[in-house]
Amino acid sequence: MTRDLPRRDFLKGSAALAGIAAAGGFSCVEIASAAPIEVPTVDKLSIRVLVDSSFDMFFRAKQANGVSIAPPTRSADFRKSLHNEWGLSLWLESQAAGAQRTLMLDYGYTPDVLINNMELVGVEPAKLDGLIVSHGHYDHFGGLIGFLDKYRDKLPADVKLYAGGEDNFCHRVSATPTKGQFTDFGALDRRELAAHKVTTVLCETPTVIAGHAFTTGKITRRSIERILPQTWVEFGMKDGLGCNASHYLPAEMEGKIVPDEHIHEHATCFNIKDKGLVVISSCGHVGIVNSVKQAQEVSGIQKVHAVVGGFHLGPAPKDYLTEVVAQIKKLEPDVVVPMHCSGLNFVQEASAQMGDKVLVTTTGSRLSFGA
C-alpha cells in the first residue's frame, strides 16, 4: 500500500535518486501510506533461520507455550555444511485462509553464506512475495545484491524491498581507537537495486506486506532502553549513494558524521490467530521493549505471543541488562527467542528471569507458530 510523495523536499530528493538509479526508466522509490493499517491475522507462521552466528549439529527439537523449533535437516552430501557468520537472515512463511505468503527478512553479511544455506535448507526463491530489510547495517543487507544477482529472474517482476525509511540507506562507519578516524561499514546502494528492477518502499509509517505481515514504522523511544555504542552514520548523498536526510533532519545535519541513532529501524510483525503478536526485531538497536510496544500500539493488539530476533544486548552492562529483561518479562510474552546480537549474557539473564519461555535457535532451524 503506497501513496504519492507528499513531502516536497523528499519528492525532489527521491526524483533525483530515481533518475540516477533508474534502469531503462525504472522508478525505484515509493513511500508507504500514512493511513492507519488494518492488521491481518494469519493461522500459521514459520521462521527459518537462514543465517545466524552459530550452528549446533546436535541441536534438538524444542517446544514451549505452543511454539516449536525443529533442527535443520542434515545434508545428503557430507561435503556440504551450513555456514555461520555475524549477521541475520530469516525466511518467513505464513498461512491464512488457505493462502500462503513468503517473505525474506534481511540477508546476512555475505551472499556466499546466504546462498549456500538457502540451497542446503531447500527454500525456493520463486515463492517469495516480498523482501524486507530491517536497518542499514551491512550484516543485514550485505548478501542482498548477490542474492539478487543469482535469483532475480525467479522473483516476481514487480518485487519490492520494504525498508524502514531513508535512514536505512545512509553510509555507516565504525570508529577506530585513533580519535577522529573511521573505517568504512558500507551503505545499501539503491542504484544496484534499481538495476535489478527492485522497487524500494520506505515504510516510515506502519505498512502491511503481502496481506499477512505488518511493519511497525518508526519506533518511538518510550522505555528505559538506550542505544548502545556501535556505528556512526553519515547524513548525505554522494553520486547517488547514501541518504537524503533533508525531509527528516535539519539542513545543518547534511554531511555530518554522528553516533548512529537508527532513526528508521523497524520491526516485522505477524498477528497469529488466537495467539497474539509475533514481533521480529532483527537487531533492536532502538530497544526491544520499544519495538514490542510500537507493535502493540499500531496494531491495537496487546497480547504478545513471541519476541524473536536480535536484541543487541550483547554489549550491555549487567545492571542495564537485568532491567531490560525485567521490562521484557512485564510484556508477558509466551516465548522469547534470542538470535544474532542478543548475546549469551542475555540468554543467561532471560533464562534466570523467565525460565523455559526462552528458546534458543541455531542456523537452519525452523520455528513454528499457530495451529
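This one's a predicted model, so the numbers in the text were calculated from it and none came from an experiment. (Residues numbered from 1 in each chain as written. Predicted model: local features only at pLDDT ≥ 70, side-chain atom pairs only at ≥ 80, totals over all residues. Heavy atoms only, no water.)

Engineer: An account of the overall build of the protein is requested, with residue identities and associated values reported.
Structural biologist: Within the protein one finds 8 helices and 23 strands. Relative to the globule expectation of 21 Å for 371 residues, the C-alpha radius of gyration of the protein, 20 Å, shows essentially globular dimensions. Each of the three principal axes of the protein carries a C-alpha extent, and together these read 50 × 45 × 45 Å. Per-residue burial over the protein gives 57% buried out of 371 residues. Counted over contacts in the protein with a minimum sequence separation of 6, partners at least 24 positions apart contribute 79%. In the form shown here, the protein has an accessible surface area of approximately 15300 Å², with 51% of it arising from carbon and sulfur atoms. (Helix = DSSP H or I, 4+ residues; strand = E, 2+ residues; numbered from the N terminus. Rg over C-alpha atoms; globule rule 2.2 N^0.38 Å. Buried < 20%, exposed > 50% of the residue type's maximum accessible area, 1.4 Å probe, protein only. Contact = heavy atoms within 4.5 Å. Areas by Shrake-Rupley, 256 points an atom, 1.4 Å probe, with all protein chains shown as cover.)

Engineer: Could you give me a rundown of the packing of helix α2 (residues 111-121) against helix α4 (residues 144-151), with the residues and numbers involved?
Structural biologist: Contact geometry of α2 with α4 gives a least axis separation of 8 Å together with a crossing angle of 50°. Classified by the angle their axes make, α2 and α4 are oblique. With respect to the hand of their crossing, α2 and α4 are arranged in right-handed fashion. Contacts between α2 and α4 involve Pro 111, Leu 114, Ile 115, Met 118 and Glu 119 from the first element and Gly 146, Phe 147, Lys 150 and Tyr 151 from the second. Residue classes in the contact of α2 with α4 are distributed as 6 nonpolar, 1 polar and 2 charged. (Axes fitted to C-alpha atoms, helices over the stretch in contact; angles between N-to-C directions. Parallel < 35°, antiparallel > 145°, perpendicular 65-115°, else oblique. Left-handed = near helix turned anticlockwise from the far one by under 90°. Nonpolar A, V, L, I, M, F, W, Y, C, P; charged D, E, K, R; others polar.)

Engineer: Pulling in residues and values, what's your account of the side chain of Glu 265?
Structural biologist: Within the element layout of this structure, Glu 265 appears in the loop between β18 (257-259) and β19 (268-272). A polar atom in the side chain of Glu 265 sits 2.9 Å from the backbone nitrogen of Gly 284. The residues touching Glu 265, leaving out its near neighbours within four places in the chain, are Ser 134, His 135, Asn 168, Gly 217, Ile 219, Cys 283, Gly 284, His 285 and Val 286. (Polar contact = N/O pair within 3.5 Å; in protein donor to acceptor, adjacent residues only side chain to side chain.)

Engineer: Could you give an account of the sheet that holds β19, with specific residues and numbers?
Structural biologist: Across the sheet, which stays open at both edges, the 6 strands sit in the order β13-β14-β19-β20-β21-β22 with mixed pairing between neighbours. What marks the edges here is a single partner per strand, and that holds for β13 (207-209) and β22 (335-339). When strand polarity is set aside, the average angle formed by the axes of neighbouring strands in this sheet is 20°. Where strand β14 (residues 213-215) meets β19, 2 bridges bridge the pair, whose relative direction is antiparallel. Of the residues in β19, the one forming a bridge with Thr 215 is Thr 268. On top of the sheet, helix α6 (residues 288-299) reaches β14, β19, β20 (276-281) and β21 (304-310); it is set at about 135° to β20, its chief contact. (Pairing = 2+ DSSP bridges.)

Engineer: Lay out the pattern of salt bridges with the relevant residues and their values.
Structural biologist: On inspection of all chains with the given rule, the structure shows 14 salt bridges. The shortest N-O distance in the salt bridge between Glu 93 and Arg 366 comes to 3.7 Å. Remark: Arg 366 occurs in strand β23 (residues 366-370) and Glu 93 occurs in strand β6 (residues 89-96); sequence separation between them is 273 residues. For Arg 366, a relative accessible area of 31% corresponds to the partly exposed category. A salt bridge links Glu 234 to Lys 238; the shortest N-O distance between them is 3.2 Å. Given a relative accessible area of 13%, Glu 234 falls into the buried group. (Salt bridge = Lys/Arg side-chain N within 4 Å of Asp/Glu carboxyl O.)

Engineer: I'd like a rundown of the packing of aromatic side chains, residues and numbers included.
Structural biologist: Taken as a whole and assessed by the stated rule, the structure comprises 6 aromatic pairs. Taking the centre distance of 5.2 Å and the plane angle of 80° together, the rings of Phe 311 and Phe 346 count as edge-to-face. Here Phe 346 lies in helix α8 (residues 344-354) and Phe 311 lies in the loop between β21 and α7 (318-330), a separation of 35 residues in the sequence. Residue Phe 346 is classed as buried on the basis of its relative accessible area, which comes to 1%. The ring of Phe 169 has Arg 190 lying over it, and the distance from NZ or CZ to the ring centre is 4.1 Å. We note Arg 226 situated over the ring of Tyr 320; from NZ or CZ to the ring centre the distance is 4.2 Å. (Phe/Tyr/Trp six-rings, centres within 6.5 Å; stacked < 30°, edge-to-face > 60°. Lys NZ or Arg CZ within 6 Å of the ring centre and 35° of its normal.)

Engineer: Summarise the sheet that holds β18; cite the residues concerned and give the values.
Structural biologist: Reading across from one edge, β11-β10-β15-β18 is the order of the 4 strands in this open sheet, with antiparallel pairing throughout. One side of each edge strand has no neighbouring strand; the edge strands of this open sheet are β11 (182-184) and β18. Each neighbouring strand pair of the sheet contributes to a mean axis angle of 40°, computed without reference to strand direction.

Engineer: So what's going on with the environment of Val 67? Which residues, and what values?
Structural biologist: Relative to the helices and strands, Val 67 is located in strand β5 (residues 67-70). Once residues lying within four places of it in the same chain are set aside, the contact partners of Val 67 are Lys 62, His 305, Val 335, Leu 359, Leu 367, Ser 368 and Phe 369.

Engineer: Please set out the state of the cysteines residue by residue, giving values where relevant.
Structural biologist: Taken as a whole, this structure holds 1 disulfide when the rule is applied. Put simply, Cys 170 and Cys 243 are joined by a disulfide, and their sulfur atoms are 2.0 Å apart. In this structure, the disulfide formed by Cys 170 and Cys 243 twists by about 95° around the S-S bond and is classed as right-handed. Within this pair, whereas Cys 170 is found in the loop between β9 (160-163) and β10 (171-175), its partner Cys 243 is found in the loop between β17 (241-242) and β18, the two being separated by 73 residues in sequence. Here the two residues Cys 170 and Cys 243 agree in accessibility, since each one is buried. Between Cys 269, a free cysteine, and Cys 203, which holds the nearest cysteine sulfur, the sulfur-to-sulfur gap is 12 Å. (Disulfide = S-S within 2.5 Å.)

Functional significance is not addressed by these values, which are geometric in nature.
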